Amino acid sequence: MSVVTDVVIVGAGPCGLFQVFELGLLGISAHVVDSLPRVGGQCAELYPDKPIYDIPALPVCGAQELIDRLMQQIHPFGAVFHLGEQVTELARQDNGRFTLKTSAGTVFDAGAVVLAAGLGSFQPRRLGVPGSEPFENVSLHYKVQSAAAFAGKRLVIFGGGDSALDWTLALAPAAASLTLVHRRGEFRAAAASVARMRALESAGKLRFVEGIADSVQSRDGLLTGVTVRRTGGERLSLEAEQVLVFFGLHPKLGPIAEWQLVIEKKALRVDTEKFQTSTPGIFAIGDINIYPGKKKLILSGFHEAALAAFAIQHHLYPDKKQFLQYTTTSPIMHRRLGVPD
Ligand SMILES: Cc1cc2nc3c(=O)[nH]c(=O)nc-3n(C[C@H](O)[C@H](O)[C@H](O)COP(=O)(O)OP(=O)(O)OC[C@H]3O[C@@H](n4cnc5c(N)ncnc54)[C@H](O)[C@@H]3O)c2cc1C
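Residues numbered from 1 in each chain as written. Predicted model: local features only at pLDDT ≥ 70, side-chain atom pairs only at ≥ 80, totals over all residues. Heavy atoms only, no water.

**As for the pattern of salt bridges**
At step 1: Tallied over the entire structure, the rule returns 13 salt bridges.
At step 2: Here D109 and R97 are joined by a salt bridge, their closest N and O atoms 2.7 Å apart. Placement of the pair is D109 in strand β8 (residues 107-115) and R97 in the loop between β6 (87-92) and β7 (98-102), with a sequence separation of 12 residues.
At step 3: Taking the shortest distance from any N to any O, the salt bridge between E304 and K294 comes out at 2.9 Å. Separated by 10 residues along the polypeptide, E304 in helix α6 (residues 298-316) and K294 in the loop between β21 (289-290) and α6 bring together distant segments of the chain. By the burial criterion, E304 is buried, and K294 matches it.
At step 4: Taken together, the salt bridges that share partners define one network made up of R126, E133 and E136. (Salt bridge = Lys/Arg side-chain N within 4 Å of Asp/Glu carboxyl O. Helix = DSSP H or I, 4+ residues; strand = E, 2+ residues; numbered from the N terminus. Buried < 20%, exposed > 50% of the residue type's maximum accessible area, 1.4 Å probe, protein only.)

**A word on the side chain of E85**
At step 1: With respect to the helices, strands and loops of the structure, E85 is situated in the loop between β5 (80-83) and β6.
At step 2: K143 provides the closest opposite charge to the buried, salt-bridge-free E85, at an N-O distance of 11 Å.
At step 3: Leaving out residues up to four positions away in the same chain, E85 has contacts with V33, D34, S35, T102, S103, A104 and T106. (Lys, Arg positive; Asp, Glu negative; His and termini not counted. Contact = heavy atoms within 4.5 Å.)

**Remarks on the site of the ligand**
At step 1: In the vicinity of the ligand lie 31 residues, with D34, Q42, Y47, V87 and I298 positioned nearest.
At step 2: Here S121 contributes a side-chain N or O atom positioned 3.2 Å from a nitrogen atom of the ligand.
At step 3: The backbone of I298 places a nitrogen or oxygen atom 2.8 Å from an oxygen atom of the ligand.
At step 4: Expressed as a share of its isolated accessible area of 1000 Å², the protein-covered part of the ligand is 86%.
At step 5: The site holding the ligand turns out to be the second largest pocket.
At step 6: At the level of elements, α1 (14-25), β2 (30-34), α2 (41-46) and β9 (121-124) are the ones that each hand at least two residues to the shell around the ligand. (Near = heavy atom within 4 Å. Polar contact = N/O pair within 3.5 Å; in protein donor to acceptor, adjacent residues only side chain to side chain. Areas by Shrake-Rupley, 256 points an atom, 1.4 Å probe, with all protein chains shown as cover. 1 Å grid on protein atoms, 1.4 Å probe; cavity = no way out; pocket = protein on both sides within 12 Å on 5 of 7 lines; lining within 4 Å. Sits in = over half its atoms within 2 Å of the grid points.)

**Description of the pairing of strand β15 (residues 235-239)**
At step 1: Only one face of β15 is buried: it carries L236 and L238, and the other face, with R235, S237 and E239, is open.
At step 2: Two elements, strand β14 (residues 222-230) and β15, share five bridges in a ladder whose sense is antiparallel. Within β15, the position partnered with T227 by the bridge is S237.
At step 3: Connecting β14 to the next strand, β15, in antiparallel fashion are four residues, including G233 with a positive phi near 110°. (Pairing = 2+ DSSP bridges.)

**Focus: α1**
At step 1: Taking 1.5 Å of rise per residue, the 12 residues of α1 would be expected to cover 16 Å, and the 17 Å separating its terminal C-alpha atoms lies within 8% of that figure.
At step 2: The element α1 is extensively covered by neighbouring structure, given that 12 of its 12 residues are classed as buried.
At step 3: Along α1, the residues classified as buried are P14, C15, G16, L17, F18, Q19, V20, F21, E22, L23, G24 and L25.
At step 4: Once α1 finishes, G27 follows within two positions and takes phi at roughly 80°, a positive value. (Expected span 1.5 Å × (residues − 1).)

**What about the sheet that holds β21?**
At step 1: Strand order in this open sheet of three strands is β18-β19-β21, and the pairing throughout is mixed. Looking at strand neighbours, the two that pair on one side only are β18 (263-264) and β21, the edges of this open sheet.

And the structure:
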């Protein structure tokens, strides 16, 4: 897919979402790309159920609720979302525009770019035992693309959170065998899921082993099993045709580090007038940026998005006169917001 647009926003965390709003008020449309399959960044991925107390005028707001409210607020501006795609390449064209490429093959031709990439792309925590790498995405998986692919197979699932338990319960009925491995007997997953897993274990429909991965076994290039070190120290071999690992996600700066932008303490250096990086036309807001006095707070990112929007407008339309309008009284902003005057 090839897309020509005013602005590409890399990252659909709270700051990337609010950037859509601030650009939209100025009549600038945007495409938003995130490597995660859903919007919300850290709020949705790391602490959706936790209350936030320092969003202005909202004495308390759940983290997922904040994302839901932002999505509602930006709805009038019709931003196009490309989720589950990591931006892997960013290059300046000779004409001053930018080419971005994603892991899914989408190519953007954009007038300006906002990096709202937080702490980086969320990547799955790997199994990380000797010999496991060649099997990744073949018979060692960090996500399930099609549950049907695991029917009739001998499965081992690692993890103790919601994903591990949900997939254990979903895949157990059709699997030839299923062993769930977790490093301890307590789980982070919902209590109801754990109870259902224990019931299947009692009924002999699956096996639970307390331990950690030690090594993988293979024959003729095919995965045949994993060895687990049990809590007491003894090793246990488990037959496995397919292994699924759900150890959660962690953020990684990833490709951003290769885009020839000035980086300081793993963040992008910006000025505090435009929140522009060392490359004119590439802006950075939210947790990804650094400047004197930077605080990694959502409200700081919101302020940065407002100022970056004006700077982007000037970058795209240098001859256009800029003036500040209030959403309260501006008919043009009301039209853009879809509210009556
Ligand atoms: C437990 C916890 C509690 C917190 N509590 C508060 C609080 O009470 N108040 C507060 O103000 N802040 C709080 N924070 C911090 C707050 O969540 C962050 O400041 C905020 O999420 C930053 O938003 P962001 O949009 O800059 O980045 P993020 O939320 O990190 O989102 C960045 C997004 O960019 C995507 N991305 C990165 N690189 C790429 C790429 N190459 N291609 C595609 N997508 C990419 C990532 O997948 C991610 O979804 C808390 C953080 C944590 C972990």
